[in-house]
Amino acid sequence: MVEFIISKMHDARFMAMMLAAIAVTATVYTLAVPLFSGGGLSKRMKAVASERERIRQRERDRLARSEKVSLRQNPKQVVQRVVDDFNLGKWVGQEAARDQLVMAGYRGQAPYVTFLFFRLVVPVIFFVLTAIYVFFILKSEQTTTVRFGMCVMAAFLGMQAPMLFLKNKISKRQLSIKRAFPDALDLLLICVESGMSIEAAFRRVSVEIGSQSIPLAEEFTLTTAELSYLQDRRMAYENFSKRVGLENIRSVCLALMQSERYGTPLGQTLRVLAQESRDSRMNEAEKKAAALPPKLTVPMIVFFLPVLFVVILGPTGIKVASMQ
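As the structure is a computational prediction, the values presented were derived from the model and not from experiment.

(A) The overall build of the chain, seen in detail. Within the chain, the regular secondary structure consists of 14 helices and 0 strands. In the chain, the succession of α and β elements from N to C terminus is α-α-α-α-α-α-α-α-α-α-α-α-α-α. The buried share of the chain, reckoned over its 324 residues, is 31%. Sequence separation of at least 24 residues holds for 64% of the intrachain contacts in the chain that already meet a minimum separation of 6. Surface exposure of the chain reaches about 21,300 Å², of which carbon and sulfur atoms provide 64%.

The structure is reproduced here in structure tokens:
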């Protein structure tokens, strides 16, 4: 059985068929997933409502630790036991990872414990799989030192894999927030100029902006809850800026804090910030459009020109070959 698997892995036709099947499956999955993800907004908003209830209970009677909330669940017992037994909080723990988990949308102690668990487990899995492939499956003439170095490199990549996954989630979440934030600022400006308080304006915008960006609606709702129940309102704006990590939102939060402290008019400030946010989004779109020609050069040389040469010179080559 093992010899059959090894022979199939060295068969070029079989490997090409496997890669083609994987590509087709990934394409079908990519096209089918959006059709079944229509209920994401309601689920996330229910989760945010549960978090708001948790904040209310914590600030009223200090009993939030005994409450089970969907956004802050306790970690699995097996995961918690592994993290405690190996003292992963000391060896592979990172304080910056807590902030990154919050920026990625994972709140509470459970995501951090899970993150530490995977930083231990994934390198071991990568090391074992690479060792099996290098020492038993791959028929290579490399020395044992080189093979062991390959296993160590795979383990290092496995340790960095959770961080790469986290950075990818953060970039996707920030992109969703960045695209919808100018519209959210316009809605916030309309609500403020109509006479609403800042809490009511945030609550109204969170409802309206949910169709464009669920993460932004979630952050607005959490900020509304913190404005209502935290003793220092400035902490709510600072938490909002820290959870998102975008410069535009940091500027808006600074303007809101100055308005709370000095009583400055907020409407004109929000109008200027909304225009700057729109200009920034347009500048980024123009930069991406300007960067397309250099990026398309290599794909055109590699994929388009050979096909073009075959189409143009193919008939001539066939006629010349037939004449000889």
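(B) The arrangement of the nonpolar core in detail. Grouped together as the largest cluster of nonpolar side chains are 34 residues, with contacts concentrated most on I198, F202 and F220. Those elements that place two or more of their residues in this core are α8 (144-193), α9 (198-208), α10 (214-229), α11 (233-244), α12 (247-262) and α13 (267-290). Looking at which element gives the most residues to this core, the answer is α8, with 9 residues. The residues touching F220, leaving out its near neighbours within four places in the chain, are F181, A184, F202, V205, S206, I209 and F240. Counting residues in each nonpolar core, the second largest holds 10 residues, with M103, A104, Y112 and L116 among its members.

(C) Broad picture of α12. In a regular helix each residue adds 1.5 Å, so 16 residues correspond to 22 Å; α12 covers 22 Å between its end C-alpha atoms and thus fits that length. Buried within α12 are the following residues: I249, V252, C253, A255, L256, M257 and S259. Contacts made by the buried residues of α12 are with α8, α9, α11 and α13. Count one or two residues on from α12 and you reach G263, which has phi positive near 75 degrees.

(D) Examining the side chain of E219 more closely. Structurally, E219 is set in helix α10. Among all residues touching E219, those that are not within four sequence positions of it are R107, R173, F240, R243 and V244.

(E) Seen up close, the pattern of salt bridges. Under the defined criterion, the tally for this structure stands at 15 salt bridges. R204 is the salt-bridge partner of E208, the closest N and O atoms lying 3.2 Å from each other. Residue E208 and its partner R204 are both found in helix α9; the two are separated by 4 residues, about one turn of the helix. Taking the relative accessible area as the measure of exposure, E208 reaches 38% and is therefore partly exposed.

(F) Looking closely at the side chain of E199. Within the element layout of this structure, E199 appears in helix α9. E199 gets classed as buried once you look at its relative accessible area, which sits at 15%. Contacts of E199, omitting those with residues within four sequence positions, involve T224, L227, S228 and R233.

(G) Expanded view of the packing of α8 against α13. Two numbers describe how α8 lies on α13: the axes approach to 9 Å, and their chain directions differ by 160 degrees. For the element pair α8 / α13, the angle class is roughly antiparallel. In this structure, α8 meets α13 at a crossing whose hand is left-handed. Counting all contacts with α8, which are made through K178, R179, F181, P182, D183, L185, D186, L188, L189, V192 and E193, the residues of α13 involved are G267, L270, R271, L273, A274, S277, R278, R281 and E284. Its residues assigned to classes, the contact of α8 with α13 comprises 9 nonpolar, 2 polar and 9 charged.

Calculation notes
- Residues numbered from 1 in each chain as written.
- Predicted model: local features only at pLDDT ≥ 70, side-chain atom pairs only at ≥ 80, totals over all residues.
- Heavy atoms only, no water.
- Helix = DSSP H or I, 4+ residues; strand = E, 2+ residues; numbered from the N terminus.
- Buried < 20%, exposed > 50% of the residue type's maximum accessible area, 1.4 Å probe, protein only.
- Contact = heavy atoms within 4.5 Å.
- Areas by Shrake-Rupley, 256 points an atom, 1.4 Å probe, with all protein chains shown as cover.
- Core = buried A, V, L, I, M, F, W, Y, C linked by side-chain atoms within 4.5 Å.
- Expected span 1.5 Å × (residues − 1).
- Salt bridge = Lys/Arg side-chain N within 4 Å of Asp/Glu carboxyl O.
- Axes fitted to C-alpha atoms, helices over the stretch in contact; angles between N-to-C directions.
- Parallel < 35°, antiparallel > 145°, perpendicular 65-115°, else oblique.
- Left-handed = near helix turned anticlockwise from the far one by under 90°.
- Nonpolar A, V, L, I, M, F, W, Y, C, P; charged D, E, K, R; others polar.

These figures capture arrangement, not role.
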